[in-house]
Amino acid sequence: MNDDTYTFTRRIPSGDSYDLVVAGGGPAGTAAAVCAARLGLRTLLVEATGCLGGMGTSGLVASFGPVADGERMLVGGFMKELLETMWTQKAFGPHVVPEFLHAQLNRWVPFKPEHLKRILDDFAVSAGVELRFFTRVIEADTDGRRVNGVILSNVEGLRHVRASAFVDATGDAALAALAGAECKVVLRDTETVAPSTLCSLLGGMHWDHPAYGSDWRGIDEVKNHTKTELLAQAIADGHFTQEDRFMPGMNKIGERTATLNAGHVFNLNPLSNRSLSDGMVFGRKLAVEYLEFYRKYVPGCEDLELQATAPVMGVRDSRRIVGEFELGIEDFRNRRQFADQIAVYNRPTDVHPTDTSKAEYERFLKDFHGKDNLGRGGSVGIPYSILVPRGSDNLWVAGRCHSSDTKVHGSIRAQSAAYMMGQAAGTAAAQSIATGQPACDLDTQALVERLREAGAYLPQAALSRAMTRA
């Protein structure tokens, strides 16, 4: 008889206790921890890598998703404070102008990832957040719908940590799943999965080449030409291993440097270590192919050098909670606003092609430029209830593991939206601890008012003490 299980029992140190433990130090987790600490909570932030910022730093996805709707800035609170700090410290790409932040529609905002790391360090340390890098949550100590503690793993071994509240900002809903929350999993509950991308850092770029002009308009023109005519020509020439028709492209972050978001790793299962490992190997192969493509086909790139590929895979979708409410595509297309919304956002449903077929590429273009584009002055509300695992007492999620359908997820998974979700989750945790209200029955009128006091842009006219529910 084969026994494919192993029982592992061990006594580990315990005793540490916090008001809030945040799992994951990406955009959502950083905002949750800093905002909660500023509200007086003793906060522990655990992060698997050695820096904050997640995809924007470790992942080299060094460009924020849109922060305006074509008419005004939509972000407020922590995210606006971060943007203003980055502007003051010259942490954006040298071509970034105020219109990128305050007015332009669907404008991505490039930044210097190393600079962002230091800014987020300063925010966390100044707020009094206790940081634990190179640390993962590997188990949850639960009692029904309440989380009592977590098991952490790092170089010191295993440790049990207690807290009054928890925020899952792992991207993969890792803590929520460990705590028994119902989740939707790609390739189990979906037929396809959004492709992943291993981004890279490039040097030796001639941004002063005449093709790029004297400002960002020239960069945009060459970038669009590269993504269409030049990429199509290279595919026709048989340059690439795979006929990937969509490439987000290169972002200027310095006078001679750039980050590159290119090369989809299709059918990667982000919840399979084997698949992630194989994907990293293939991603590094693709990085060289795209380097050679730029050198050969794109003006100003003749001396381009590959400085580094990201140490982590750029995963777009993996596991999402089943929340008190699921934000759906009809809500998005109707630009629905909610009484309990904790942010508003404008970005097309950027669900990348899931394979190399022409039909899937045309589906993506139709969605991105057509009915799934909110247009100038539009926005969709992000309700509080998509941050709450159904029935949860003291656990919230923030970032891409929120509760939405696949298309909406493709819009609001971006870093700029994640920072706003994180602020809301950290603020909600503080309110819950102060009032005894569970996450699944929080007074959302009080939460919205608190977020407004902290500078969040929440234009809904009507408020409600009850959250939006399914």
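Right above here is the structure, for reference.
Residues numbered from 1 in each chain as written. Predicted model: local features only at pLDDT ≥ 70, side-chain atom pairs only at ≥ 80, totals over all residues. Heavy atoms only, no water.

*Asks:* Tell me what's going on with the nonpolar core, and back it up with residues and numbers.
*Replies:* By size, the foremost hydrophobic cluster in this structure holds 82 residues, and its most contacted members are Phe-64, Leu-82, Ile-342, Tyr-384 and Trp-396. Here the element with the most residues in this core is helix H11 (residues 415-435); it accounts for ten residues. If you look at the next biggest cluster of nonpolar residues, it comprises 35 residues, including Cys-199, Ala-234, Leu-291 and Tyr-294. (Core = buried A, V, L, I, M, F, W, Y, C linked by side-chain atoms within 4.5 Å. Buried < 20%, exposed > 50% of the residue type's maximum accessible area, 1.4 Å probe, protein only. Helix = DSSP H or I, 4+ residues; strand = E, 2+ residues; numbered from the N terminus.)

*Asks:* A description of unusual backbone geometry should follow, citing residues and the corresponding values.
*Replies:* At Leu-60, a residue that is not glycine, the phi angle is positive and equals roughly 55 degrees. Of note, Leu-60 is situated in the loop between strand S2 (43-46) and strand S3 (63-64). Notably, Asn-106 is not glycine yet its phi reads approximately 55 degrees, a positive angle. Relative to the elements of secondary structure, Asn-106 occurs in the loop between helix H3 (98-102) and strand S4 (109-110).

*Asks:* So what's going on with the packing of aromatic side chains? Which residues, and what values?
*Replies:* Evaluated as defined, the whole model comprises 14 aromatic pairs. The interplanar angle of 25 degrees and the centroid separation of 5.9 Å between the aromatic rings of Phe-78 and Tyr-419 together place this pair among those described as stacked. Placement of the pair is Phe-78 in helix H2 (residues 77-88) and Tyr-419 in helix H11, with a sequence separation of 341 residues. For Phe-78, a relative accessible area of 0% puts it in the buried group. A relative accessible area of 0% places Tyr-419 in the buried class. Aromatic side chains Phe-240 and Tyr-290 sit 4.6 Å apart centroid to centroid with 35 degrees between the ring planes, which places their arrangement in the tilted category. Of this pair, Phe-240 sits in the loop between helix H6 (216-236) and strand S12 (249-252) while Tyr-290 is found in helix H7 (residues 273-297), placing the two residues 50 residues apart along the sequence. (Phe/Tyr/Trp six-rings, centres within 6.5 Å; stacked < 30°, edge-to-face > 60°.)

*Asks:* With reference to specific residues and values, describe the sheet that holds strand S13 (residues 258-261).
*Replies:* Strands sit in the order S12-S13-S11-S15 across an open sheet of four strands; the sheet is antiparallel. On the outer flanks of this sheet lie S12 and strand S15 (305-309), each paired with one strand and no other. The mean inter-strand angle of the sheet, taken between neighbouring strand axes irrespective of direction, is 30 degrees. Both strand S11 (residues 200-203) and S15 contribute to a ladder of four bridges, which runs antiparallel. Paired with Gly-203 across the strands is Glu-305, a residue of S15. In the packing of H7 onto the sheet, the strands contacted are S11, S12, S13 and S15, and the crossing angle to S15 comes to about 155 degrees. (Pairing = 2+ DSSP bridges. Axes fitted to C-alpha atoms, helices over the stretch in contact; angles between N-to-C directions. Contact = heavy atoms within 4.5 Å.)

*Asks:* A description of the pattern of salt bridges should follow, citing residues and the corresponding values.
*Replies:* Scanning all chains against the criterion turns up 27 salt bridges. Linking Asp-220 and Arg-107 is a salt bridge whose minimum nitrogen-to-oxygen distance equals 2.6 Å. Of this pair, Asp-220 sits in helix H6 while Arg-107 sits in the loop between H3 and S4; the two residues are 113 residues apart in sequence, bridging distant segments of the chain. By relative accessible area, which is 21% here, Asp-220 ends up partly exposed. Of the charged contacts, one joins Lys-407 and Asp-372 as a salt bridge, the two residues approaching to 3.4 Å between their closest N and O atoms. In this pair, Lys-407 sits in helix H10 (residues 406-412) while Asp-372 sits in the loop between helix H9 (358-369) and strand S18 (380-383), placing the two residues 35 residues apart along the sequence. When salt bridges that share partners are traced, they join Glu-330, Arg-333, Glu-360, Arg-363, Asp-367, Asp-372 and Lys-407 into one network. (Salt bridge = Lys/Arg side-chain N within 4 Å of Asp/Glu carboxyl O.)

*Asks:* Which residues make up the environment of Ala-234, and what are the values?
*Replies:* Counting through the fold element by element, Ala-234 comes out in helix H6. For Ala-234, a relative accessible area of 0% gives the class buried. Separated by 59 residues in the primary sequence, Ala-234 and Phe-293 have C-alpha atoms spaced 7.2 Å apart. Beyond its immediate sequence surroundings of up to four residues, Ala-234 is in contact with His-239, Phe-240, Phe-293 and Tyr-297.

*Asks:* How would you summarise the packing of H2 against helix H4 (residues 113-127) if you had to cite specific residues and measurements?
*Replies:* In contact at an axis separation of 11 Å, H2 and H4 are set at 125 degrees when each is read in the N-to-C sense. Overall, the two elements H2 and H4 adopt an arrangement that is oblique. Pair H2 / H4 crosses with right-handed handedness. Contacts between H2 and H4 involve Phe-78, Glu-81, Leu-82, Thr-85 and Met-86 from the former and Leu-116, Ile-119, Leu-120 and Phe-123 from the latter. (Parallel < 35°, antiparallel > 145°, perpendicular 65-115°, else oblique. Left-handed = near helix turned anticlockwise from the far one by under 90°.)

Nothing here speaks to function; it is all geometry.
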